[in-house]
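Below are the chains, spelled out letter by letter.
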Amino acid sequence: MLRSPWSACRVALAALLVTTATLAPLQAQDASPPAAAQSKPSPSDADQHKLPADSTTRHTLALPGRSLSFTATAGSIRLFNDKGEPQADIATTAYQLDNTEARTRPVTFVFNGGPGASSAWLQLGAAGPWRLPMAGDAAVASATPALQPNAETWLDVTDLVFIDPVGTGYSRFVASGDDVRKQFYSVDGDVAAVALTIRRWLEKHDRLLSPKYVAGESYGGIRGPRVVRDLQTRQGVGVKGLILVSPLLDFREYSGSSLLQYVARLPTMAAAARQRKGPVTRADLAEVESYARGEFITDLLKGQADQAATRRLADRVAALSGIDSAVSRRLAGRLGTSEFQREFDRADGKVTGRFDASVLGQDPFPDSSDAQFSDPSSESLIAPLTSAAIELTRNTLQWRPSGSYHLLNGAVSRQWDFGRGRSPVESLTQLREILAVDPTLQVLVTHGLFDLATPYFGSVVAIDQLPPFASKRIRLVTWPGGHMTYARDDARKALHGEVSAMMK
């Protein structure tokens, strides 16, 4: 099972050689398919797993300096294959501000990553009308999952539709068998399903003429650009902006023997070390970034056969990261994420977070020669966030599906098909394509400085490789924080400001 929505990055590396499933075209309908198609499978099979009818409720939220009245709709979109056979029910949670003009009011479609993570992380952490505190005393497993009005809700500037891909949240298969799972649990099948869900929601709610945005987190960096490309070219839906929160854009640089993985992580390790002494901004890391681009990569390329270069870089890495120099030399200055997590404060029996390296927790096995620890910066949030999402859906939004809610579904990540071949999954190709086809499209990329799961400098390097026509329309911003940088008040406020600026 995934230890967090982003630990699938490690799962992905092991899954790169799995064969991509052959994709059958998907359709979406609100009514039942033709009678002839209902026989395969029988209606009773699909009805057994069917999600309940949509629930619409109205709410007024009192926030500092304003009051927001809005309509919430919790429900689903059913997807069919090209034979008219039901495949899956995709759960959506939508918030639409009252008394607005639909044709000019933006609507943003939001999903998380994993694969296998529901959209509750972004909904209850950053964008939705209600927020679950995720820092300090609230960031423990036994914390009371009490939602509060979100002063930084994106509903100020855009209507919101949160999408849970199949296998997450309450979304579920209504067809049985391995073939349908192979289709949906694949890079291309997932993209096709999410894009189709977006188009069908727009049709169902008469919002095709509204300005449209897409937002994704973590693996959403792979999913997001591909979904926008599918919308542009297959679904006939134009998108004005793409928002990527802590994205992974290219698995190639975090896998195998790629030297760029060490380049991408080094500034984050330095940021984690420096924040122990005081506040850190990206400007404070300028010389680390310069070293990573220059002398560091040069010494890495010389290889361990060059002992002088290896000692030089190992000692510099130790100085920047706070890791003991003897350990750094033993590792030839090539620090993996888990090694950094354990060695960062090993003297005190602590481990640091993968998703927020500024968070320390107890090493449950400090005397073991093997690393046997979970992530102190994420796992404690699973219980309160799951309970809060269920409470919101069932009692506030009055939508009560049967079955279990999946905040994180390890079965999805274990079965995910990342494709086969010499080209690990990336979305930089699609970023180029969507920006080339639409000269008005804007992209916002945000990162936390202490995020080791998807280090900010990896995105910096990747975006710098794009041609000017693309890179000049991508705004990359960083804040002190981890993968869920919005858990910190200042970062959440700043993210709200960036989203508002994009849409205004």
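Procedures and definitions
- Residues numbered from 1 in each chain as written.
- Predicted model: local features only at pLDDT ≥ 70, side-chain atom pairs only at ≥ 80, totals over all residues.
- Heavy atoms only, no water.
- Helix = DSSP H or I, 4+ residues; strand = E, 2+ residues; numbered from the N terminus.
- Buried < 20%, exposed > 50% of the residue type's maximum accessible area, 1.4 Å probe, protein only.
- Contact = heavy atoms within 4.5 Å.
- Areas by Shrake-Rupley, 256 points an atom, 1.4 Å probe, with all protein chains shown as cover.
- Core = buried A, V, L, I, M, F, W, Y, C linked by side-chain atoms within 4.5 Å.
- Expected span 1.5 Å × (residues − 1).
- Axes fitted to C-alpha atoms, helices over the stretch in contact; angles between N-to-C directions.
- Parallel < 35°, antiparallel > 145°, perpendicular 65-115°, else oblique.
- Left-handed = near helix turned anticlockwise from the far one by under 90°.
- Pairing = 2+ DSSP bridges.
- Salt bridge = Lys/Arg side-chain N within 4 Å of Asp/Glu carboxyl O.
- pLDDT = per-residue confidence, 0-100.

Draft legend 1. Just the overall build of the protein chain, in detail. Across its full length, the protein chain carries 17 helices and 15 strands. The buried share among the 504 residues of the protein chain stands at 60%. Sequence separation of at least 24 residues holds for 73% of the intrachain contacts in the protein chain that already meet a minimum separation of 6. Carbon and sulfur atoms make up 48% of the accessible area of the protein chain, which totals about 19,700 Å².

Draft legend 2. Structural context of the nonpolar core. Residues Phe184 and Ile198 are the most contacted members of the largest nonpolar core, which totals 58 residues. In terms of residue count, helix 5 (residues 187-204) provides more of this core than any other element does, 10 residues in total. When sequence neighbours within four positions are dropped, the list of residues in contact with isoleucine 198 reads Phe109, Ile163, Val214, Val227 and Leu231. Core analysis: the second largest hydrophobic core is formed by 51 residues, Trp130, Met134, Trp154 and Leu385 among them.

Draft legend 3. Quick look at the environment of leucine 449. With respect to the helices and strands, leucine 449 occurs in the loop between strand 14 (442-448) and helix 15 (456-464). The class of leucine 449 is buried, set by a relative accessible area of 0%. Sequence separation between leucine 449 and proline 267 is 182 residues; the distance between their C-alpha atoms is 8.2 Å. When sequence neighbours within four positions are dropped, the list of residues in contact with leucine 449 reads Thr268, Ala271, Val280, Thr281, Arg282, Leu285, Tyr456, Thr478, Trp479, Pro480 and Gly481.

Draft legend 4. Molecular detail of helix 12 (residues 382-396). Helix length check: helix 12, at 15 residues, gives a terminal C-alpha distance of 20 Å against a target of 21 Å (1.5 Å per residue), a fit within 8%. Within the span of helix 12, buried status applies to Pro384, Leu385, Thr386, Ala388, Ala389, Leu392 and Thr393. In the stretch just after helix 12, glutamine 398 is the one whose phi turns positive, near 60°.

Draft legend 5. Local environment of the packing of helix 6 (residues 220-235) against helix 14 (residues 428-437). The contact between helix 6 and helix 14 brings their axes to 8 Å, and the two run at 40°. If you check the angle between helix 6 and helix 14, you find them oblique. The two elements helix 6 and helix 14 cross, and the hand of that crossing is left-handed. Residue-level contacts link Pro225, Arg226, Val228, Arg229 and Gln232 of helix 6 to Gln430, Leu431, Glu433, Ile434 and Val437 of helix 14.

Draft legend 6. Examining the pairing of strand 4 (residues 86-97) more closely. Most of strand 4 sits inside the fold, with 12 of its 12 residues counted as buried. In this sheet, strand 4 lies alongside strand 3 (residues 66-81) in antiparallel orientation, the contact comprising 11 bridges. Bridging from a neighbouring strand, serine 76 pairs with alanine 91 of strand 4. Counting the residues that bridge the hairpin from strand 3 to strand 4 gives 4 residues, and of these glycine 84 lies at a positive phi of roughly 80°. With 2 bridges connecting them, strand 4 and strand 9 (residues 172-173) associate as antiparallel partners. Looking at the pairing, alanine 88 lines up with phenylalanine 173 of strand 9. Relative to strand 8 (residues 159-164), strand 4 runs antiparallel, the two sharing 5 bridges. Counted as the bridge partner of tyrosine 95 is leucine 160 from strand 8.

Draft legend 7. Broad picture of the pattern of salt bridges. By the definition in use, this model includes 24 salt bridges. Aspartate 345 is paired through a salt bridge with arginine 276; the nearest N and O atoms lie 3.7 Å apart. Placement of aspartate 345 in the loop between helix 11 (337-343) and strand 12 (350-352) and of arginine 276 in the loop between helix 7 (260-275) and helix 8 (286-302) is noted, with a sequence separation of 69 residues between them. Taking relative accessible area as the criterion, aspartate 345 reaches 9% and is therefore assigned buried. On the basis of relative accessibility, which here comes to 45%, the residue arginine 276 falls in the partly exposed class. Connected through shared salt-bridge partners, Glu295, Asp299, Lys302 and Arg312 make up one network.

Draft legend 8. Expanded view of the confidence of the model for the protein chain. Scored by pLDDT, the protein chain has a mean of 89; 88% of the residues are at 70 or more. Across residues 1-23, where pLDDT falls below 50, the model places 78 contacts with residues more than four positions away in sequence or in other chains. A low-confidence stretch, residues 30-39 stays under pLDDT 50, and its non-local contacts, those more than four residues away or across chains, total 11 contacts.

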